[in-house]
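Tertiary structure, described
Spelled out, the chains give:
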Amino acid sequence: MEITGALPVGLEYAGKSHKDFKLRPAKVRDTIEATAEVGTDSNLKFMLAILSRQLVALGDIPKEHITSELLAELYDVDLAELHEAQETLEKKLRPPKKN
């Protein structure tokens, strides 16, 4: 399962603005790796570390270059768009509630 979208502003990389993204749901491994990378002292750094793992694609940026450090260059409005995509994926993973 993946979700696609476009950042309102885009992330500058190699002289080009990258907007189109593909995001997959977070897995436990992502949380473990993000915790090892940045710890849990900063929610924002932790969120960027998780996102760097969830992003399957961001424009033409090579996957191995999509890091939490690179994502720290996002505009707030772009981060909000990715956060909304994360929430949409989480909702899709949950089974429908039975009445």
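Residues numbered from 1 in each chain as written. Predicted model: local features only at pLDDT ≥ 70, side-chain atom pairs only at ≥ 80, totals over all residues. Heavy atoms only, no water.

1. With respect to the nonpolar core
Judged by nonpolar contacts, the single largest core of 18 residues is most densely connected at Phe-21, Leu-23, Leu-55, Leu-58 and Leu-71. The set of elements that each furnish at least two residues to this core consists of β1 (3–13), β2 (16–23), α2 (43–54), β3 (55–58), α3 (68–71) and α4 (76–93). Excluding anything up to four places from it in sequence, Leu-71 contacts Leu-11, Leu-48, Leu-51, Ser-52, Leu-55, Leu-58 and Ile-66. (Core = buried A, V, L, I, M, F, W, Y, C linked by side-chain atoms within 4.5 Å. Buried < 20%, exposed > 50% of the residue type's maximum accessible area, 1.4 Å probe, protein only. Helix = DSSP H or I, 4+ residues; strand = E, 2+ residues; numbered from the N terminus. Contact = heavy atoms within 4.5 Å.)

2. Focus on unusual backbone geometry
A positive phi angle is found at Ala-14, which is not glycine, with a value near 55 degrees. The residue Ala-14 is located in the loop between β1 and β2 in this model. The class of Ala-14 is exposed, set by a relative accessible area of 72%.

3. Details of the sheet that holds β2
The strand order across the open sheet built from three strands is β1-β2-β3, with neighbouring strands paired in antiparallel fashion. The outermost strands of the open sheet, each flanked by one partner alone, are β1 and β3. If you compare each strand with its neighbour and ignore which way they point, the axes differ by 25 degrees on average. Note: β2 against β3, three bridges, orientation antiparallel. Within β3, the position partnered with Phe-21 by the bridge is Leu-58. Relative to β3, α2 is tilted by about 80 degrees, and along the sheet it contacts β2 and β3. In this fold α4 packs onto β1, β2 and β3, with an angle of close to 160 degrees to the strand it touches most, β1. (Pairing = 2+ DSSP bridges. Axes fitted to C-alpha atoms, helices over the stretch in contact; angles between N-to-C directions.)

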